[in-house]
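Architecture and fold: a report
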Amino acid sequence: MSFIGFVLSAVAVASALGVVIFRNPLTSAFSLIINLLAMAGLYAAMGAHFLAVTQVVVYAGAIMVLVLFVLMLLNLKFESKRRFGIFRTAVAVAAGVLMFATIVPPIMAHFDTLSTFTLSENMTKSEGSVKAIGTELYGRYMVQFELSSLVLLIGVVGAVMLAKRKTSQIGPRDGAAGGAQ
Amino acid sequence: MVELFVLIVKVIFVMNLALGLGSLCTWLERKGSALIQDRVGANRAGAFIVSANPVINVLLAPVRMMGWLGVIGTFMCDPMKGIWKEDFIPEGASKFLHGLAPIVAVLPIMLAFAVLPLAPDFYAWGYYIHPRVAPIDAGLLFVLAMGSVAVYGIAIAGWTGNNTFSLLGSLRAVAQMISYELPMGMVFVALIVVYGTLDVYNIVEGQQELLWGVIPKWGIVMQPVGFVILLLAGMAETKRGPFDLPEAESELTAGYFTEYSGMKFLLFWLGEFAEIALFALLLALLFFGGWDIPWVTLPKGVWWAALLGHMVLMAKVVFFCVLQIVIRWTLPRFRYDQLMNLGWKMLLPISIANLVVTAVAKVML
């Protein structure tokens with residue numbers, strides 16, 4: 001089990017680097033898809049089948065298809081080299097370091113269980129991971145779950161608002177001919 | 001060791017089943033379309049084999065028969081031609097992505113067969129055997145996930161074609177597939193609510209009972225609206241029937257695989273026909289009781305009952321393959337706005353309403 005885990009981790013890290021390094025946006029998008037699939041493989045190797053399948057359905061199957069769709073429609077060429085000011089670079093580096101510093105301590109705290117790529121006993125009970133996730137999500141994490149759905153709703157409304165504003169800019173702006181067409 | 005052996009046997013069986021059903025659909029499509037359009041269809045290859053020796057001549061009669069039926073032409077000559085044909089890669093296309101696309105289009109469809117049960121569980125030589133490769137508890141979602149991964153093959157194919165027809169075809173295909181995945185998922189959720197499980201095997205087992213002791217508790221009885229939605233969404237998902245806009249010959253040459261030739265081209269077709277078979281299998285398992293024969297209770301865990309169940313299931317699968325092919329050759333093509341309206345304004349709201357009604361009924365009853 002841990003051999004598969006290490007191989008998939010290597011694939012995940014390499015493809016994550018590829019997302020940043022490749023200059024062609026489409027190749028970057030494909031690297032991201034490989035990264036998401038490798039993560040799904042990691043979940044599956046740990047026995048969390050439901051999580052793995054959900055990862056594929058939501059991220060690889062829906063979100064990345066839309067990203068790919070947009071990239072193909074925009075027909076972007078190779079990204080031209082852009083120079084950023086010193087302030088921007090400093091902010092980016094600081095954010096990266098902060099992120100890294102936040103992620104590393106919890107990983108180090110559970111390093112012994114993480115390095116064997118196994119889940120704790122009560123997560124792989126014979127009950128089935130679907131049931132376990134469901135009871136956790138609608139029991140202990142109910143408020144967080146509802147809050148995240150609210151955030152998604154805000155996102156949808158925001159997207160609709162942005163799309164609407166664009167069409168009204170194209171059309172005549174004075175109210176007289178607003179509803180003519 | 002025995003587990004590994006059983007697993008390998010199962011993998012070979014399921015792989016052959018998927019490929020075999022795919023090729024069967026190819027033949028059904030060619031001969032069936034000929035029947036519907038009042039043509040003869042494939043009937044040349046092998047039909048004229050004669051021998052001077054009268055004994056051998058009699059022995060060759062089945063070969064001639066298969067030749068007349070187009071079996072030799074479809075199963076042997078066409079793949080041979082595909083293998084020997086020049087593999088043409090358009091100028092400026094990435095060789096790697098061009099080769100990757102047909103694999104990505106076919107592989108997920110084959111993988112989806114891995115989680116679907118093909119017969120009831122049975123005992124053989126003291127071992128309890130599940131007739132499916134991967135008994136995971138989220139089987140139904142896995143099929144959905146694989147369906148959405150197959151979209152990438154089509155997207156890559158259209159992109160690497162370096163051709164407007166290919167790109168337009170693949171854009172149409174991707175938009176169509178992600179639109180129709182939503183109602184499909186909603187129908188799956190409604191089924192999960194009805195049978196209380198995500199596992200396809202348990203859904204089939206739940207359909208073995210009788211409703212009020214009279215009607216079989218099949219999916220079509222419990223979810224008639226869901227069946228209609230899944231039939232429409234599945235036919236759109238396989239990009240066939242009245243929904244074959246991504247490969248509309250009269251508009252886009254061949255759509256996303258315009259720039260493909262030889263075996264890569266055939267792989268796309270094989271993927272499409274395997275998808276038809278997969279979808280027929282899903283319909284049979286989810287809505288028509290799988291291996292259930294109405295009002296007949298077979299003993300559990302016996303090998304002959306499992307074999308009989310498998311044959312019953314396969315009969316249902318072939319029926320749905322034929323149904324899809326007949327629909328595809330009978331109805332004219334949709335317009336693109338009609339396709340999108342059907343998906344987003346009709347099927348999606350109806351499927352959500354269906355889910356709500358199902359959930360309320362489940363709680364009330």
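This part takes up the overall build of chain A. In terms of helices and strands, chain A carries seven helices and zero strands. Helices and strands appear in chain A in the N-to-C order α-α-α-α-α-α-α. In chain A, once contacts between residues fewer than 6 apart in sequence are set aside, the share between residues at least 24 apart is 63%. When the accessible surface of chain A is split by element, carbon and sulfur atoms take 72% of a total near 13,200 Å².

Let us look at the interface of chain B and chain A. In this complex, chain B contributes 21 residues to the contact, which on the side of chain A involves 21 residues. Carbon and sulfur atoms supply 84% of the area that chain B and chain A bury against each other, a total of about 1,900 Å² over both sides. When residues of chain B are sorted by the area they lose upon contact with chain A, Y152, W159 and L171 of chain B head the list and together hold 34% of the total. For the pair chain B and chain A, the interface holds zero salt bridges. Every element with two or more residues in the side of chain B that touches chain A is listed here: α6 (139-160) and α7 (164-195) of chain B. Its residues assigned to classes, the side of chain B that touches chain A comprises 18 nonpolar, two polar and one charged.

For D38 of chain B, which is not a glycine, the phi torsion comes out positive at approximately 60°. Along the chain, the position of D38 of chain B falls in the loop between α1 (2-36) and α2 (54-59).

Of all residues in chain A, 75% have pLDDT values of 70 or greater, and the mean over the chain is 78. Averaged pLDDT values over the elements of chain A bottom out at 68 in helix α5 (residues 111-114) of chain A and peak at 88 in helix α4 (residues 86-109) of chain A.

In this section: empty space enclosed by the protein. Residues and elements named next belong to chain B. The tally for this structure, following the rule as stated, stands at two cavities of 30 Å³ or more. If you go around the largest cavity, you meet 16 residues; those closest to its centre are G147, M184, E237, E275 and L278. Listing elements by their share of the lining of the largest cavity, those giving two or more residues are α5 (95-112), α6, α7, α10 (224-237) and α12 (262-287). Of the residues that constitute the lining of the largest cavity, the class distribution is 10 nonpolar, three polar and three charged. Volume-wise, the second largest cavity comes out at about 60 Å³. As for the second largest cavity, its lining consists of A105, A150, I154, K239, Y256, F268, G271, E272 and E275. Contributing elements (two or more residues each) for the lining of the second largest cavity: α6 and α12.

With that settled, the discussion passes to the packing of helix α1 (residues 2-21) of chain A against helix α2 (residues 25-45) of chain A. All names here are of chain A. Running from N to C, α1 and α2 point in directions that differ by 160°, and their axes come no closer than 8 Å. Between α1 and α2, the angle falls in the class roughly antiparallel. Read as a crossing pair, α1 and α2 show a hand that is left-handed. Residues I4, G5, L8, S9, V11, A12, S15, A16, G18 and V19 of α1 pack against S28, S31, L32, I34, N35, A38, M39, G41, L42 and A45 of α2. For the contact of α1 with α2, the residue count by class is 12 nonpolar, eight polar and no charged.

Moving on, we come to the environment of F279 of chain B. Residue and element names in this part refer to chain B. Relative to the assigned elements, F279 resides in helix α12. Linking F279 and L323, residues 44 residues apart in sequence, is a C-alpha distance of 11 Å. Apart from residues lying up to four places away in sequence, F279 is in contact with L230, L231, G234, M235 and Q324.

Our next topic: the side chain of D292 of chain B. Residue and element names in this part refer to chain B. Its location among the elements puts D292 in the loop between α12 and α13 (303-330). Among buried Asp, Glu, Lys and Arg side chains, D292 stands out as unpaired, with K316 the closest opposite charge at 5.9 Å. Apart from the residues lying within four places of it in its own chain, the contact partners of D292 are Q207, Q208, W218, V312 and K316.

Another point: the domain arrangement of chain B. Size of an interface, as often reported, equals the accessible area lost when the parts are brought together. Residue and element names in this part refer to chain B. The domain architecture assigned to chain B consists of domain 1 (2-41 + 90-364) and domain 2 (43-84). Across the boundary between the two partners, domain 1 contributes 11 residues, which contact 11 residues of domain 2. Counting the surface lost from both domain 1 and domain 2, the interface buries some 810 Å², and carbon and sulfur atoms represent 65% of this. The largest share of the area that domain 1 buries against domain 2 comes from W27, R30 and M263, three residues that together contribute 50% of it.

Below, the discussion takes up the nonpolar core. Residue and element names in this part refer to chain B. In terms of nonpolar packing, the biggest core is built from 114 residues, with L116, Y152, L281, L286, F287 and V317 touching the most fellow members. Not counting residues within four places of it along the chain, the set of residues in contact with L116 comprises P131, R132, V143, V200, L278, L281, L282 and L285. Of all hydrophobic cores here, the second largest spans five residues; its members include A119, F122, A124 and A306.

Residues and elements named next belong to chain B. Taken as a whole, this structure holds 13 aromatic pairs over all chains when the rule is applied. Geometrically, the ring pair formed by F243 and F334 is stacked, given 5.1 Å between the ring centres and 10° between the ring planes. With F243 in the loop between α10 and α11 (249-252) and F334 in the loop between α13 and α14 (336-364), this pair connects stretches of sequence that are 91 residues apart. Exposure remark for F243: the relative accessible area of 1% places this residue in the buried category.

With that settled, the discussion passes to the packing of α7 of chain B against α10 of chain B. Residues and elements named next belong to chain B. Orientation of α7 relative to α10, taken along the N-to-C sense of each, is 155°, at an axis distance of 9 Å. It follows that α7 is roughly antiparallel to α10 by the angle criterion. Relative to α10, the crossing made by α7 is left-handed. Contacts between α7 and α10 involve Q176, M177, Y180, E181, P183, M184, V187 and F188 from the first element and G226, I229, L230, A233, G234, A236 and E237 from the second. Looking at the contact of α7 with α10 residue by residue, the class counts come to 10 nonpolar, three polar and two charged.

Another aspect to go through is the layout of surface pockets. By rolling a water-sized probe across the atoms, one finds the places where empty space is left. In this model, the largest pocket occupies a volume close to 2,000 Å³. Along the wall of the largest pocket there are 44 residues; nearest its centre are F50, T54 and V58 of chain A together with L141 and V189 of chain B. Looking at the lining of the largest pocket, the elements that each hand over two or more residues are α3 (49-74), α6 (129-138) and α7 (142-170) of chain A together with α6, α7 and α14 of chain B. Ranked by the residues each element gives to the lining of the largest pocket, the list is headed by α3 of chain A, at nine residues. Classifying every residue of the lining of the largest pocket gives 28 nonpolar, 11 polar and five charged. Approximately 1,400 Å³ is the volume found for the second largest pocket. Around the second largest pocket sit 47 residues that line it, and I33, I34, L37 and A38 of chain A together with V149 of chain B are the ones nearest its centre. With 12 residues, α2 of chain A is the largest single contributor of residues to the lining of the second largest pocket.

Cut-offs applied
- Residues numbered from 1 in each chain as written.
- Chains lettered and ligands numbered in written order.
- Predicted model: local features only at pLDDT ≥ 70, side-chain atom pairs only at ≥ 80, totals over all residues.
- Heavy atoms only, no water.
- Helix = DSSP H or I, 4+ residues; strand = E, 2+ residues; numbered from the N terminus.
- Contact = heavy atoms within 4.5 Å.
- Areas by Shrake-Rupley, 256 points an atom, 1.4 Å probe, with all protein chains shown as cover.
- Buried area = accessible area lost by both parts, 1.4 Å probe.
- Salt bridge = Lys/Arg side-chain N within 4 Å of Asp/Glu carboxyl O.
- Nonpolar A, V, L, I, M, F, W, Y, C, P; charged D, E, K, R; others polar.
- pLDDT = per-residue confidence, 0-100.
- 1 Å grid on protein atoms, 1.4 Å probe; cavity = no way out; pocket = protein on both sides within 12 Å on 5 of 7 lines; lining within 4 Å.
- Points joined across faces, edges and corners; volume = space filled by probe spheres on them.
- Axes fitted to C-alpha atoms, helices over the stretch in contact; angles between N-to-C directions.
- Parallel < 35°, antiparallel > 145°, perpendicular 65-115°, else oblique.
- Left-handed = near helix turned anticlockwise from the far one by under 90°.
- Buried < 20%, exposed > 50% of the residue type's maximum accessible area, 1.4 Å probe, protein only.
- Lys, Arg positive; Asp, Glu negative; His and termini not counted.
- Domains from an automatic or database assignment.
- Core = buried A, V, L, I, M, F, W, Y, C linked by side-chain atoms within 4.5 Å.
- Phe/Tyr/Trp six-rings, centres within 6.5 Å; stacked < 30°, edge-to-face > 60°.

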